[in-house]
Amino acid sequence: MSPAVGMTPPAERKGERKGDSTKAFRHAMLHPMATDADLPLDQLWMEYRNAFSDFDDLTLARWLAQTLGQLAGKSWRLSHPLLGAYRLAAQWGHDRQIWLKRLATPPAAYTESACCRAPMLPLLSRDVKESGLICQHCGETLVPFEEIPAELQPVLESWSAQYVPVHAVAHWDDRQRKRAGDYDRAYENAAAEAERLLALAGAEIAPKLLDFYPAAVWEDQDECLEVRPEDIVL
Ligand SMILES: [Zn+2]
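Residues numbered from 1 in each chain as written. Predicted model: local features only at pLDDT ≥ 70, side-chain atom pairs only at ≥ 80, totals over all residues.

Caption draft 1: Spatial organisation of the overall build of the protein. A count of helical and extended segments in the protein gives nine helices and five strands. Sequence-ordered secondary structure for the protein, helices as α and strands as β, is α-α-α-β-α-α-β-α-β-β-α-α-α-β. By the burial criterion, 35% of the 234 residues in the protein qualify as buried. Restricting the contact set of the protein to residue pairs at least 6 apart, pairs at least 24 apart contribute 64%. (Helix = DSSP H or I, 4+ residues; strand = E, 2+ residues; numbered from the N terminus. Buried ≥ 20, exposed ≤ 12 C-beta atoms within 10 Å, placed from the backbone. Contact = placed C-beta atoms within 7 Å.)

Rendered as structure tokens:
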């Protein structure tokens, strides 16, 4: 018997339920400059952000420069609280054009980014092939894929080529879901594979960025497959 027209299959309902908070999380983490006040999580980030609102420009510039010093030499999970705090302060810095005012000197290893002239702090996300490495200060492309050092491109390309079809399972249409037979199982398998690939990014790929950048950040979640930072064990 075929399902009634208009009836939502369980996997789809699952897909909808998972959506809002995790999607808002990625939105807030990756696109801090484009906060949507209607999303509760964005509102929460706006509230967190207020912690930096009474820093004057000089204090903020020094805090950013000093924290960059502490971030140097490591690759960081996007979900790490220190990174979260840095990103919030960096938004203020961006709004107030702190880096253009040259009030504090970041550690010399951080060269200036072309997108917003802040020190380069790249984020590796699953969209790397399409969007390149993302700037943690302005949320735009920091290094387009073609400009990523040639030594890194093959490993990023191969990782991304594995990840793209896995992530796509979350966005299969009805026809693709039916063809898979048991969509719930396909979805669970994809989530497990995403965990493996994200762990690989954290353990092996992001550290390679440190050969070219003083610090790096990697996205440690997949909201569409309900993979949370705590699911990724290094
Ligand atoms: Zn930027």
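Caption draft 2: Structural view of the nonpolar core. In this structure, Leu-124, Leu-133, Ala-201, Ala-216 and Val-217 are the most contacted members of the largest nonpolar core, which totals 51 residues. Examining the composition of this core, we find that 10 residues originate from one element, helix α9 (residues 183-209), more than from any other. (Core = buried A, V, L, I, M, F, W, Y, C linked by C-beta atoms within 7 Å.)

Caption draft 3: Here's a closer look at helix α3 (residues 57-71). For α3, with 15 residues, the first-to-last C-alpha span of 21 Å sits near the 21 Å given by 1.5 Å per residue. Looking at α3, one finds that the buried residues are Leu-60, Ala-61, Leu-64, Leu-68 and Leu-71. Down the axis of α3, the smallest arc covering the buried residues is 100°, so these residues share one side. Facing away from the buried side of α3 by more than 90 degrees, the exposed set consists of Leu-58 and Gln-70. Phi for Gly-73, located one or two positions after α3, is positive at around 90°. (Expected span 1.5 Å × (residues − 1). Arc of directions from axis to C-beta.)

Caption draft 4: Seen up close, the sheet that holds strand β2 (residues 122-124). Strand order in the open sheet formed by five strands is β1-β5-β2-β3-β4, with mixed pairing between adjacent strands. Both edges of this open sheet fall to β1 (75-77) and β4 (141-143), since each of them pairs with a single strand only. Sheet twist, expressed as the mean angle between neighbouring strand axes with direction ignored, is 40°. Note: β2 against strand β5 (residues 216-218), two bridges, orientation parallel. Within β5, the position partnered with Leu-124 by the bridge is Trp-218. (Pairing = 2+ DSSP bridges. Axes fitted to C-alpha atoms, helices over the stretch in contact; angles between N-to-C directions.)

Caption draft 5: Broad picture of the packing of α3 against helix α4 (residues 81-95). Where α3 contacts α4, the axes come no closer than 10 Å and their chain directions differ by 140°. By the angle between their axes, α3 is oblique relative to α4. Relative to α4, α3 is oriented so that their crossing is left-handed. Contacts between α3 and α4 involve Leu-60, Trp-63, Leu-64, Thr-67 and Leu-71 from the first element and Tyr-86, Ala-89, Ala-90, Trp-92 and Gly-93 from the second. When grouped by side-chain class, the residues that make up the contact of α3 with α4 number eight nonpolar, two polar and no charged. (Parallel < 35°, antiparallel > 145°, perpendicular 65-115°, else oblique. Left-handed = near helix turned anticlockwise from the far one by under 90°. Nonpolar A, V, L, I, M, F, W, Y, C, P; charged D, E, K, R; others polar.)

Caption draft 6: How the structure looks around α9. Given a rise of 1.5 Å per residue, 27 residues ought to cover 39 Å, and the 36 Å separating the end C-alpha atoms of α9 matches this to within 8%. Largest kink in α9: about 40°, centred on Ala-201. For α9, the full list of buried residues reads Tyr-183, Tyr-187, Ala-190, Ala-194, Leu-197, Leu-198, Ala-201, Gly-202, Ile-205, Ala-206 and Leu-209. (Bend = angle between axes of the 7 residues up to and from the residue.)

Caption draft 7: Broad picture of the packing of helix α7 (residues 153-168) against α9. Close contact between α7 and α9 brings their axes to 10 Å; oriented N to C, the two are set at 160°. In terms of their interaxial angle, α7 and α9 are classed as roughly antiparallel. Crossing hand, α7 versus α9: left-handed. Between α7 and α9, the contacting residues are Val-155, Leu-156, Trp-159, Gln-162, Tyr-163, Val-166 and His-167 on the first element and Ala-190, Glu-193, Ala-194, Leu-197, Leu-200, Ala-201, Ile-205 and Lys-208 on the second.

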